[in-house]
Amino acid sequence: MKYFIVGFMGCGKTTWSRKLAAKWGYEFIDLDHVLEAKAGMSIAEYFSSFGEDAFRQLESQVLKETEYAENTVVSTGGGLPCFFDNMDWMNANGKTLYIKLSPKTLAGRLENSKTVRPVLQGKKGDELVEFITGKLAERESFYLKASNIVEGIDMSVEKLEEALGVSG
Ligand SMILES: Nc1ncnc2c1ncn2[C@@H]1O[C@H](COP(=O)(O)OP(=O)(O)OP(=O)(O)O)[C@@H](O)[C@H]1O
Ligand SMILES: O=C(O)C1=C[C@@H](O)[C@@H](O)[C@H](O)C1
Ligand SMILES: [Mg+2]
């Protein structure tokens, strides 16, 4: 089975996909990393060289053209489910799990993270919380199409397994 983990930037997709795959002995793939390898540059560099529209095209292509092993946990980009038919494609090709977190918690994590996320354009504090609140409102209808949903607070592999209906 393929599991596609979705949710806003900073919700823990990369962290928890990796842990789940390690516990289950599944392959782990992070589509942001696959895109960076294919483009030969970081996402931040790709955005500044080619812009967001080109990034979204490439992101969708990477999602659909990557060869996944039979049993894989896939961490997706935070915006990926919200463009083209990507969310429907993931639902047709595996199970999807939305890691749900509040804007405040997301903002706290993103402020402390070293990864450069071009969509955030260096925002901090209240401005960051407001930005995330607006962006999440735009995006959540896509995330909520996921077959499974988990609250991202107090996360553990066992909590993920329970949300996916898999006994560990
Ligand atoms: N349950 C948790 N509690 C506290 N911090 C966490 C938790 N899960 C992840 N983090 C931290 O939050 C930050 C973002 O996590 P991660 O990179 O896994 O998010 P992401 O969803 O993959 O983000 P992006 O969409 O930008 O790739 C990291 O610094 C990570 O260590
Ligand atoms: O939420 C987004 O739009 C993004 C999230 C990251 O995972 C990367 O895919 C990129 O920084 C864009
Ligand atoms: Mg990630």
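Not measured: the values here are computed from a predicted model.

Draft legend 1. View of the layout of surface pockets. Volume-wise, the largest pocket comes out at about 620 Å³. Forming the boundary of the largest pocket are 31 residues, of which Met9, Thr14, Asp32, Thr115 and Arg117 lie nearest the centre. At the level of elements, α1 (13–24), α2 (31–39) and α3 (43–65) are the ones that each hand at least two residues to the lining of the largest pocket. Looking at the lining of the largest pocket element by element, the count peaks at six residues for α3. Here the lining of the largest pocket is composed, by residue class, of nine nonpolar, 13 polar and nine charged. When grouped by side-chain class, the residues that make up the lining of the second largest pocket number four nonpolar, three polar and four charged.

Draft legend 2. The arrangement of helix α5 (residues 103–112) in detail. When α5 is considered as a whole, its buried residues turn out to be Pro103, Leu106, Ala107 and Leu110. Across the axial projection of α5, the buried residues extend over an arc of 100°, all falling on one side. Opposite its buried face, α5 presents the exposed residues Lys104 and Asn112, each directed more than 90 degrees away. Where α5 is buried, its residues contact α6 (125–143).

Draft legend 3. Highlighting the packing of α3 against helix α4 (residues 86–93). Following both chains from N to C, one finds α3 and α4 inclined at 10°, their axes separated by 11 Å at the closest point. With respect to each other, α3 and α4 are oriented roughly parallel. Packed against α3, whose contacting residues are Ser60, Leu63 and Lys64, the element α4 presents Asn86, Trp89 and Met90 at the interface. A per-class count over the contact of α3 with α4 returns three nonpolar, two polar and one charged.

Draft legend 4. Here's a closer look at the nonpolar core. One finds Phe8 and Leu31 to be the most contacted residues of the largest nonpolar core, which totals 47 residues. With seven residues, the single largest contributor to this core is α3. Phe8 has contacts with Lys13, Leu106, Leu110, Ile132, Lys135, Leu136, Arg139 and Tyr143, leaving out every residue within four places of it along the chain.

Draft legend 5. Looking closely at the site of ligand 1. The immediate surroundings of ligand 1 are formed by 14 residues, with Gly10, Lys13, Thr14, Thr15 and Arg117 found nearest. Here an oxygen atom of ligand 1 sits 2.7 Å away from a polar atom, N or O, in the side chain of Lys13. Within the side chain of Trp16, an N or O atom sits 3.1 Å from a nitrogen atom of ligand 1. In isolation ligand 1 has 640 Å² of accessible area, and contact with the protein removes 70% of it. Looking at the shell around ligand 1 element by element, the count peaks at four residues for α1. A breakdown of the residues in the shell around ligand 1 according to their chemical character gives five nonpolar, five polar and four charged.

Draft legend 6. The site of ligand 2, seen in detail. Lining the immediate environment of ligand 2, one finds Met9, Asp32, Ile43, Phe55, Arg56, Glu59, Gly77, Gly78, Gly79, Pro118, Val119 and Arg139. Gly78 places a main-chain nitrogen or oxygen 3.0 Å from an oxygen atom of ligand 2. Here Arg139 contributes a side-chain N or O atom positioned 2.7 Å from an oxygen atom of ligand 2. Protein contacts shield 95% of the accessible area of ligand 2, which totals 310 Å² for the unbound molecule. Structurally, ligand 2 is housed in the largest pocket. Ranked by residue count, the leading element in the shell around ligand 2 is α3, at four residues.

Here is what the cut-offs are and how they apply
- Residues numbered from 1 in each chain as written.
- Chains lettered and ligands numbered in written order.
- Predicted model: local features only at pLDDT ≥ 70, side-chain atom pairs only at ≥ 80, totals over all residues.
- Heavy atoms only, no water.
- 1 Å grid on protein atoms, 1.4 Å probe; cavity = no way out; pocket = protein on both sides within 12 Å on 5 of 7 lines; lining within 4 Å.
- Points joined across faces, edges and corners; volume = space filled by probe spheres on them.
- Helix = DSSP H or I, 4+ residues; strand = E, 2+ residues; numbered from the N terminus.
- Nonpolar A, V, L, I, M, F, W, Y, C, P; charged D, E, K, R; others polar.
- Buried < 20%, exposed > 50% of the residue type's maximum accessible area, 1.4 Å probe, protein only.
- Arc of directions from axis to C-beta.
- Contact = heavy atoms within 4.5 Å.
- Axes fitted to C-alpha atoms, helices over the stretch in contact; angles between N-to-C directions.
- Parallel < 35°, antiparallel > 145°, perpendicular 65-115°, else oblique.
- Core = buried A, V, L, I, M, F, W, Y, C linked by side-chain atoms within 4.5 Å.
- Near = heavy atom within 4 Å.
- Polar contact = N/O pair within 3.5 Å; in protein donor to acceptor, adjacent residues only side chain to side chain.
- Areas by Shrake-Rupley, 256 points an atom, 1.4 Å probe, with all protein chains shown as cover.
- Sits in = over half its atoms within 2 Å of the grid points.

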